Amino acid sequence: MFVPAVNSRHVWRFPQISRVLWRPYNSSSVEASTYDDEYRITCIDFERLFRLCHNINLARCLHGALMVSGNSQRIHLSTRLTNLYANLGASALSKEVFDWIPNKDVYTWNSMISIYVRTGRSRDAVRSFYQLVQTSGVRPDFYTFPSVLKACDSLTDGKRMHCWVLKLGLVRDVYVAASLIHMYSRFKFTDLALTLFDEMDFRDMGSWNAMISGLCQYGSASDALDFFTEMRLLGVEMDAVTVAAVLPACAQAKDRNVGMTIHVFAVKHGLADELFVGNALIDMYSKFGRLDDAQRVFDHMIVRDIVSWNSIIATYEQNGDPLTAVEYFNEMQLCRVQPDNLTVVSLASAVAQSKNCENGELVHGYALRKNLMFDNVVVANAVMDMYAKLGAVDSAQIVFDQIPAKDVISWNTLITGYSQNGLASEAIELYNQMAEFEEIKPNQGTWVSILPAYSHVGALRQGAKVHGQVTKNSLCSDVYVSTCLIDMYGKCGRLDEALALFCQGACDNAVLWNAIISCHGLHGPGDTVMKLFDEMRSEGVKPDHITFVSLLSACSHSGMVDLGRRCFSLMQAEYRIRPLLKHYGCMVDLFGRAGLLDEACDFIQKMPLKPDASIWGALLGACRIHGNVDLASFASDKLLEVDPDNVGYYVLMSNIYANFGKWDGVRDIRSLARDKGLVKTPGWSSVEVNNRIAVFYTANESHPQMGEINYYLALILPRMKAIGYVPDFSFVLQDVEEDEKEQILASHSERLAIAFAIINTPPKSPICIFKNLRVCGDCHNATKYLSVITEREIVVRDSNRFHHFENGACSCGDFW
């Protein structure tokens, strides 16, 4: 055992405790100049000494005094010393003292089990219980089980504890029964918890609180509120614990009225001043999006702990106000409150929303300095997610590589980061690496992460395999997984499969409706999309802002200007949805594609929001379609103000100048992009043939069948011209001779992919091509003629939409 190096003559030299080491029996004894050491020892006032030990050094002195005085064998003093060490954060010393106690009673065992629970050592607590019942000869009592039941991290241990409770006849004790209720609720066995509750002879407030809390956290929020209502009808008064337990249920059930009523009750009965009640109120108002109410609760709190600060920071972070969240983090530090893991998680999310890369590096550095990065994988995952959302995927990869014990969320986060940043191939490669680690089991988040990557590259076969795994894991009913599957099939050209999945899902969910509407918007004319929208409304499903983005986009790509105007008005007038920049961008695109450039400019000037790159980009794209160089130059200047590092806008303006033969303008724009170090995204097209995906880049001769492809294109060109094809040299963006221009058009990636598919697939079988950029007008025209000559359906998905070519016509009606 650990024994403090203290003797009887030196114990008294600590001034903080020397005054209370012995009891003065009379005035003469106090005035005496010397005392016999043995008499001093017998007169030590341990009661007062325990109260004054507020640090580990004083506790060691007290420990020494107990040893020297021979009192270390007294159970109640040794047990108290065990608890003292634990309260001072020295649980290892607690265990040494505990082990030295010769004849432990149940109070001693209960204390040690409780210490393990308080310090998060659940398995040690359970092991201590088994040691108590198997080797000590001491019977557990009703104080033993509330602690050890909290420590049960498996249902098997919980059921064993329940058996001991029954064996010892303690099931009728209200505290033990409440602990069993909470344990079963924690393992989501709310039926068993309810049975125990119903069998209780007497139910106190703690029993009701346990049942309400269990249902809220692990069962059904609506059931928790029903229990709360029954409790009130039976006249059981609420306490602060009840309020803190039921407020999260109000947030989950989205019952703001009940939540505010409980808040009023808490204020009226003086419960709102309780720290944990205030924290619960902030969290509830945050879930309702009522920032002002959450702020008022926070401002009126007399005492705030780390949970209070985390709650107010998360409130602003989760409700789209990242700057205020960061301000509260700074204020928290000024108040000398030490941030914890949850603080850094919220801060990382706030910085990601603010799109401030410099602050992202500061958050990363702070987490490293405080040793929060790798002790807790949650923090590392949050920092990785932050970098991914800031577009710094390389930094996210570095964090991922440094995590010593990656969990499935670590993999999901980086896969999502690659996918959302347009790096679908990297996301797929990472997913394949994840499959090599047997201990990492894919979950719902994994499927939601990887399916968009398969959608992006058109990897139908791999996406179908994921569908099989999802079905095997019984996750087809999950709304997010179902949405991703619908999106995958739709974007891979399988609209029938997407529609079949939609019909199998819960049609009362706006998310699924949005997915199927978006898929049809990519494929077909706008009137089909509007029929789906009308059907959605007739089913009583309320559209949201995402629904209207899909509708306006479909109207734009189908040239339905009047219908687009009606949708934009309907969104605001009937559904009270305030337009976002995405909606304004769709409207500018709608007017621009239809040639209403003046109306598009007027619409931008009257916008209540400041136009961003998407707005000016839509106007610039329309200028390219309709050849308005002057307006294009104006839109380009605006674009370079708000997004000077997007190479796509430089390319678009360069193409506009090239279309009109303004080669000086082309050189100037390209030189400006080159000076900024910007590199044009290469155009590529992919096609799946014989279960393998072939990728072609424009003017790239590296494919092994390139000779056959060029021969076929040269052979088919005269036949195309014979039935009306005329090369459109305006899509050649180089100042070269006409014969070279014809060769350049034939080397476009979509033309190469189509020729490869024709060569390597059976006659008259359909072909599906995926292109990362917008299909050029000449290739669009050429593909119509190829569909006639080859008698095939040729489907091309570009960055905007699907083009279904058949019998010389395209599903887009030449309007895209």
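Reading guide: rules and limits
Residues numbered from 1 in each chain as written. Predicted model: local features only at pLDDT ≥ 70, side-chain atom pairs only at ≥ 80, totals over all residues. Heavy atoms only, no water. UniProt positions renumbered as here; feature names shortened; annotations may be inferred. Phe/Tyr/Trp six-rings, centres within 6.5 Å; stacked < 30°, edge-to-face > 60°. Helix = DSSP H or I, 4+ residues; strand = E, 2+ residues; numbered from the N terminus. Buried < 20%, exposed > 50% of the residue type's maximum accessible area, 1.4 Å probe, protein only. Lys NZ or Arg CZ within 6 Å of the ring centre and 35° of its normal. Pairing = 2+ DSSP bridges. Contact = heavy atoms within 4.5 Å. Axes fitted to C-alpha atoms, helices over the stretch in contact; angles between N-to-C directions. Salt bridge = Lys/Arg side-chain N within 4 Å of Asp/Glu carboxyl O. Arc of directions from axis to C-beta. Domains from an automatic or database assignment. Buried area = accessible area lost by both parts, 1.4 Å probe. Core = buried A, V, L, I, M, F, W, Y, C linked by side-chain atoms within 4.5 Å. pLDDT = per-residue confidence, 0-100. Parallel < 35°, antiparallel > 145°, perpendicular 65-115°, else oblique. Left-handed = near helix turned anticlockwise from the far one by under 90°. Nonpolar A, V, L, I, M, F, W, Y, C, P; charged D, E, K, R; others polar.

- The protein chain is annotated in an unreviewed UniProt entry as DYW domain-containing protein from Kalanchoe fedtschenkoi.
- Among the UniProt annotations of the protein chain, the heading Sequence similarities (unreviewed entry) holds the following wording: "Belongs to the PPR family. PCMP-H subfamily."

Describing the packing of aromatic side chains
Then, number 1: Taken as a whole and assessed by the stated rule, the structure comprises 26 aromatic pairs.
Then, number 2: With 5.7 Å between their ring centres and 85° between their planes, tryptophan 616 and phenylalanine 634 make a pair best called edge-to-face. Of this pair, tryptophan 616 sits in helix α38 (residues 613-626) while phenylalanine 634 sits in helix α39 (residues 629-642), and the two are 18 residues apart along the sequence.
Then, number 3: Ring plane angle 65° and centroid distance 6.0 Å describe the contact between tyrosine 725 and tyrosine 785, whose orientation is recorded as edge-to-face. A residue pair is termed long-range when its members are at least 10 positions apart, and tyrosine 725 in the loop between α42 (706-722) and α43 (738-746) and tyrosine 785 in helix α45 (residues 777-790) qualify at 60 residues. Neither tyrosine 725 nor tyrosine 785 differs from the other in exposure class; each is buried.
Then, number 4: Taken together, the ring pairs in this structure connect Phe129, Tyr130, Phe145 and Trp164 into an aromatic cluster.
Then, number 5: One residue, arginine 304, lies across the ring of phenylalanine 298, its end atom 4.1 Å from the ring centre.
Then, number 6: Over the face of the ring belonging to phenylalanine 400 we find lysine 406, whose NZ or CZ atom lies 5.0 Å from the ring centre.

Concerning the sheet that holds strand β1 (residues 684-689)
Then, number 1: Here we have 6 strands laid out as an open sheet, ordered β2-β1-β3-β4-β5-β6, and mixed in their pairing. Two strands in the sheet have a free side with no partner beyond their single neighbour: β2 (692-697) and β6 (809-810).
Then, number 2: Both strand β5 (residues 802-806) and β6 contribute to a ladder of 2 bridges, which runs antiparallel. Bridge pairing in β6 links phenylalanine 805 to cysteine 810.
Then, number 3: Strands in contact with helix α44 (residues 749-760) are β1, β2, β3 (767-771) and β4 (794-797); relative to β1, the strand with the most contacts, it is inclined by about 15°.

Some points on the pattern of salt bridges
Then, number 1: With the rule as written, the count across this model stands at 24 salt bridges.
Then, number 2: The closest approach of N and O atoms between arginine 160 and aspartate 157, which form a salt bridge, is 3.8 Å. Placement of the pair is arginine 160 and aspartate 157 together in helix α11 (residues 155-167), with a separation of 3 residues, close to one helical turn.
Then, number 3: The exposure class assigned to arginine 160 is partly exposed, which follows from its relative accessible area of 43%.
Then, number 4: The shortest N-O distance in the salt bridge between arginine 290 and aspartate 293 comes to 2.4 Å.
Then, number 5: Exposure remark for arginine 290: the relative accessible area of 26% places this residue in the partly exposed category.

Quick look at helix α7 (residues 91-100)
Then, number 1: For α7, the full list of buried residues reads Ser91, Leu93, Ser94, Val97 and Phe98. The buried residues of α7 occupy an angular sector of 150° when projected down its axis, which confines them to one face.
Then, number 2: In this fold, the buried residues of α7 make contact with α5 (56-69), α6 (75-87) and α8 (106-118).

Brief notes about the domain arrangement of the protein chain
Then, number 1: Per the domain assignment, the segments making up the protein chain are domain 1 (430-625) and domain 2 (684-810).
Then, number 2: A C-alpha centroid distance of 27 Å is found between domain 1 and domain 2.
Then, number 3: Across the contact, 20 residues belong to domain 1 and 14 residues belong to domain 2.
Then, number 4: Across the domain 1/domain 2 interface, buried area totals approximately 1400 Å², and carbon plus sulfur atoms make up 44% of it.
Then, number 5: Our count for the contact surface shared by domain 1 and domain 2 stands at 1 salt bridge.
Then, number 6: When the shortest N-O distance is used, the salt bridge between glutamate 688 and arginine 461 registers 3.1 Å.
Then, number 7: Secondary-structure elements contributing two or more residues to the side of domain 1 that touches domain 2 are α28 (444-457), α29 (460-472), α30 (479-491), α32 (510-523) and α38.

Let's talk about the UniProt feature "repeat: PPR" (unreviewed entry) in the protein chain
Then, number 1: As annotated in UniProt, the feature "repeat: PPR" (unreviewed entry) corresponds to residues 105-140, 204-238, 305-339, 407-437 and 509-543 in the numbering used here.
Then, number 2: Measuring from the first to the last C-alpha atom of residues 305-339 gives 10 Å, for a span that is 74% helix and 0% strand.
Then, number 3: Helix makes up 77% of residues 407-437 and strand 0%, and the two end C-alpha atoms of the span are 11 Å apart.

As for the nonpolar core
Then, number 1: Counting 206 residues, the largest nonpolar core has Phe129, Phe145, Met386, Ile486 and Leu619 as the members making the most contacts within it.
Then, number 2: Examining the composition of this core, we find that 9 residues originate from one element, helix α16 (residues 240-252), more than from any other.
Then, number 3: Listed in part, the 37 residues of the second largest apolar core include Leu713, Ala755, Ile767 and Trp816.

Some remarks on the environment of isoleucine 302
Then, number 1: The residue isoleucine 302 is located in the loop between α19 (291-300) and α20 (306-318) in this model.
Then, number 2: Considering only alpha carbons, one finds isoleucine 302 and phenylalanine 548, 246 residues apart in sequence, at a separation of 45 Å.

Examining the pairing of β5
Then, number 1: In the sheet, β4 pairs with β5 via 4 bridges, with the strands oriented antiparallel. Note that in β5 the partner of valine 795 across the bridge is histidine 804.
Then, number 2: From the end of β4 to the start of β5, which pair antiparallel, there are 4 residues.
Then, number 3: Between β5 and β6, which pair antiparallel and follow one another directly, the connecting turn spans 2 residues, one of which, asparagine 807, has a positive phi of 55°.

Let's talk about the pairing of β2
Then, number 1: Where β1 and β2 come together, 6 bridges link them in antiparallel fashion. Residue pairing for β2: serine 686 is matched across the bridge by valine 695.
Then, number 2: The antiparallel pairing of β1 with β2 creates a hairpin that spans 2 residues between the two strands, and asparagine 690 there sits at a positive phi of about 55°.

Looking at the confidence of the model for the protein chain
Then, number 1: The predicted model of the protein chain has a mean per-residue pLDDT of 86, with 94% of residues at 70 or higher.
Then, number 2: Per-element mean pLDDT across the protein chain ranges from 40 in helix α2 (residues 27-31) up to 95 in helix α26 (residues 408-420).
Then, number 3: Segment residues 5-42 is flagged for pLDDT under 50; beyond a separation of four residues in sequence, or across chains, it makes 46 contacts in the model.

What to know about the packing of helix α23 (residues 357-369) against helix α24 (residues 377-389)
Packed helices, taken two at a time, are described by the angle between their axes plus the distance between the axes.
Then, number 1: Direction vectors running N to C along α23 and α24 enclose 165°, while the axes themselves pass 10 Å from each other. Between α23 and α24, the crossing angle belongs to the class labelled roughly antiparallel. The way α23 lies across α24 gives a crossing that is left-handed. Residues Gly360, Glu361, Val363, His364 and Ala367 of α23 lie in contact with α24, whose contacting residues are Val379, Val383, Met386 and Tyr387.

Quick notes on the side chain of asparagine 412
Then, number 1: Looking at the element boundaries, asparagine 412 is found in helix α26.
Then, number 2: Setting aside its immediate chain neighbours within four residues, asparagine 412 contacts Met434, Asn443, Gly445, Thr446 and Ser449.

Overview of the packing of α38 against helix α40 (residues 647-659)
Then, number 1: It is at 10 Å that the axes of α38 and α40 come closest, and there the two elements cross at 20°. Regarding the angle of α38 to α40, the classification is roughly parallel. Here α38 runs over α40; the crossing is left-handed. The residues of α40 that touch α38, namely those facing Ala613, Ser614, Gly617, Leu620, Gly621 and Arg624, are Tyr649, Leu652, Met653, Asn655, Ile656 and Asn659.
Then, number 2: Among the residues forming the contact of α38 with α40, the class breakdown is 6 nonpolar, 5 polar and 1 charged.

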